[in-house]
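This is what each chain is made of:
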Amino acid sequence: MKFRTVNYTISAKRLPPEFGGFKIVHLSDLHGALYGRDNEELVREIRRISPHIIFMTGDMADSSPYGVPRLKNLCSQLCGDYPVYGVLGNHEQELEQDVRNPLLKSLKKMGVTILENEWRTISRQGASIRLYGLVTPMKYYKDILKEYQWGVKFTAEDTRKLLGEGEVSCYKILLAHNPLYYPAYRDWGADLTLSGHIHGGIIRIPKLGGLLSPDLTLFPRYDGGHFKEQGKDLVVSRGLGNHFLVRVLNPPELVTIVLQSPKRERDSGTRHRPTLQSPT
């Protein structure tokens, strides 16, 4: 199945005007997928987009035979031309230490910045925003087929314990693999959150959305797309790869986000339709 390119425009009144037109490529849930030899089709499309920065929101590698080497190969092709930042998903966290630690060391050597409950400043034309990376503890990934803890919730206070107080004076982007807890991220203070994990709900039903999340929840709210709540934005990638079941009416996707200068928007609390573009 070929991936599609999905384009979103995010406008926020807290965004510095200097970041108008700032272009982000959002990669998520590669899971060892391959698009052409050495992922040449994916790399070609990213180069066509020509982003200012690349964000990876987890599960780019997993325990499959091709998960780690294909992520390393992809990053080796991108890091020389673009700043690349990422966070760990549940599958990277589940890797054996003798696999995960060398992987992270290799990515760092290439130039990838993996944010493990920390932040960096992103500057442009004298202005700056903050980029945070959240690693959600594994107990918050509910899965009734594995160890399941009833009543476990992840709150804004839990986010604060891991990331500290969010800087209130600047625009904040949060990379967080699991969108299930988006209200906690939003209430903590994230202006724009980027996530993955849900794979678009695997099977998409017209007018109803994605059917199933990895934790076997039916019709998860944050299945994929752009959501706006309380003046804050969430973009959930439907992912580039797959890990369970078969996608139906749900092609893999490469996400592009363009930030726009501040202006007021009506806060509808609903999903925004993306602009779609097929890769060349």
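Structure's up top.
Computed from a prediction, not measured in an experiment: that's the story for all the values here.

Draft legend 1. Seen up close, the overall build of the protein chain. Looking only at helices and strands, one finds six helices and 16 strands in the protein chain. Taking 2.2 N^0.38 as the reference for a compact globule, 280 residues should give roughly 19 Å; the C-alpha atoms of the protein chain span a radius of gyration of 17 Å, in line with that estimate. If one aligns the C-alpha atoms of the protein chain with their principal axes, the spans along those axes are about 45 × 45 × 40 Å. Within the protein chain, buried positions represent 54% of all 280 residues. Look at the contacts in the protein chain between residues 6 or more apart in sequence, and 74% of them connect residues 24 or more apart. Total accessible area on the protein chain stands at roughly 12,700 Å², and carbon and sulfur atoms take up 51% of it. Computing the positive centroid from 38 side-chain charges and the negative centroid from 30, the protein chain places the two 5 Å apart.

Draft legend 2. Focus on the environment of Met60. Relative to the helices and strands, Met60 is located in the loop between strand S3 (53-56) and helix H2 (67-78). Along the chain, Met60 and Gln230 lie 170 residues apart, while their C-alpha atoms are 30 Å from each other.

Draft legend 3. Representation of a nonpolar patch on the surface in the model. A cluster of nonpolar side chains, namely Leu208, Leu218 and Phe219, defines an oily patch on the protein surface of about 310 Å² accessible area. Relative to the assigned elements, Leu208 resides in the loop between strand S10 (204-205) and strand S11 (209-210).

Draft legend 4. Geometry of the packing of H2 against helix H4 (residues 97-110). Here H2 crosses H4 at 10 degrees, and the two axes come no closer than 10 Å. Classified by the interaxial angle, the pair formed by H2 and H4 is roughly parallel. Listed contacts from H4 to Val68, Leu71, Lys72, Cys75 and Ser76 of H2 are Val99, Leu103, Ser106, Leu107 and Met110. The residue inventory of the contact of H2 with H4, partitioned by class, reads seven nonpolar, two polar and one charged.

Draft legend 5. Broad picture of the packing of aromatic side chains. What the rule picks out here adds up to 11 aromatic pairs. Each ring, one from Phe154 and one from Tyr185, has its centre 6.3 Å from the other, and the planes form 70 degrees; the classification is edge-to-face. Within this pair, whereas Phe154 is found in the loop between strand S7 (127-134) and helix H5 (156-163), its partner Tyr185 is found in helix H6 (residues 182-188), the two being separated by 31 residues in sequence. The class for Phe154 is buried, based on a relative accessible area of 6%. On the numbers, 5.6 Å between centres and 75 degrees between planes, the contact of Tyr182 with Tyr222 is edge-to-face. Note that Tyr182 is positioned in helix H6 and Tyr222 in the loop between S11 and strand S12 (225-229), a separation of 40 residues in sequence. Grouping residues by exposure puts Tyr182 and Tyr222 together as buried. Members of the aromatic cluster, joined through ring pairs, are Tyr140, Phe154, Tyr181 and Tyr185. Looking at Arg70, its charged tip hangs above the ring of Tyr66, at a distance of 4.1 Å from the centre.

Draft legend 6. Just the pairing of strand S8 (residues 172-176), in detail. By the criterion of burial, S8 is predominantly enclosed, with five of the five residues buried. Burial along S8 is two-sided: the face carrying Lys172, Leu174 and Ala176 and the face carrying Ile173 and Leu175 are both buried. In the sheet, S8 pairs with strand S9 (residues 192-195) via three bridges, with the strands oriented parallel. Residue pairing across strands places Leu175 opposite Leu194, the latter belonging to S9.

Draft legend 7. Structural view of the pairing of S7. Of all eight residues that make up S7, seven are buried, and the element is covered over most of its length. Sheet topology places strand S6 (residues 118-124) next to S7; seven bridges connect them, and they run antiparallel. Across the sheet, Glu118 pairs through a bridge with Gly133, a residue of S7.

Draft legend 8. Broad picture of the environment of Leu175. Within the secondary structure, Leu175 is located in strand S8. Ignoring sequence-local partners within four residues, the contact set of Leu175 consists of Phe55, Met56, Thr57, Tyr85, Gly86, Val87, Leu131, Tyr132, Gly133, Leu134 and Leu194.

Draft legend 9. Molecular detail of H2. Compared with the 16 Å implied by 1.5 Å per residue over 12 residues, the 17 Å span of H2 between its first and last C-alpha is a close match. Among the structural elements, strand S2 (22-27), helix H1 (40-49), S3 and H4 are those in contact with the buried residues of H2.

Rules used in this analysis
Sequence order sets the numbering: in each chain, residues are counted from 1 along the sequence as written. Where totals are concerned, whole chains, interfaces and linings use all residues; where local detail is concerned, this predicted model gives features only for residues with pLDDT of at least 70, and gives and counts side-chain atom pairs only at 80 or more. To obtain the side-chain values, all non-hydrogen atoms of the structure were included, while hydrogens and water were left out. To qualify as a helix, a DSSP run of H or I must reach at least 4 residues; to qualify as a strand, a run of E must reach at least 2; elements of each kind are numbered from the N terminus. Radius of gyration: over C-alpha atoms. The globule rule applied is 2.2 Å multiplied by the number of residues raised to the 0.38 power. Burial here depends on accessible area, computed with a 1.4 Å probe over protein chains only, as a share of the maximum for the residue type. Under 20% is buried, over 50% is exposed, and the range in between is partly exposed. Residues count as neighbours in contact if any of their non-hydrogen atoms are within 4.5 Å of one another. For every accessible area listed, the method is Shrake-Rupley and the probe measures 1.4 Å; residues are considered covered only by the protein chains on display. Charge counting treats Lys and Arg as positive and Asp and Glu as negative, with His and both chain ends excluded. To locate a charge, take NZ of a lysine, CZ of an arginine, CG of an aspartate or CD of a glutamate. Each patch is built from residues that are more than 30% exposed by relative accessible area and take part in no salt bridge. Like charges join if they lie within 9 Å; nonpolar side chains (Val, Leu, Ile, Met, Phe, Trp, Tyr) join within 5 Å. Take a side-chain nitrogen of Lys or Arg and a carboxyl oxygen of Asp or Glu: if they are within 4 Å of each other, that pair is a salt bridge. To define axes, lines are fitted to C-alpha atoms, for helices over the stretch in contact only, and angles between the resulting N-to-C directions are given on a 0 to 180 degree scale. Angle categories are assigned with fixed cut-offs, so that under 35 degrees is roughly parallel, over 145 is roughly antiparallel, 65 to 115 is roughly perpendicular, and the rest are oblique. Under this grouping Gly is polar, as are all residues other than the nonpolar Ala, Val, Leu, Ile, Met, Phe, Trp, Tyr, Cys and Pro and the charged Asp, Glu, Lys and Arg. Between the rings of Phe, Tyr and Trp (Trp by its six-membered ring), a pair exists once the centres lie within 6.5 Å; its type follows the angle of the planes, with under 30 degrees stacked, over 60 edge-to-face, and the other angles tilted. A ring is scored as having a charge over it whenever the NZ atom of a lysine or the CZ atom of an arginine sits within 6 Å of its centre and within 35 degrees of its normal. Pairing between two strands is assigned when DSSP locates at least 2 bridges connecting them. Helices are assigned an expected span. That span is 1.5 Å times one less than the residue count.

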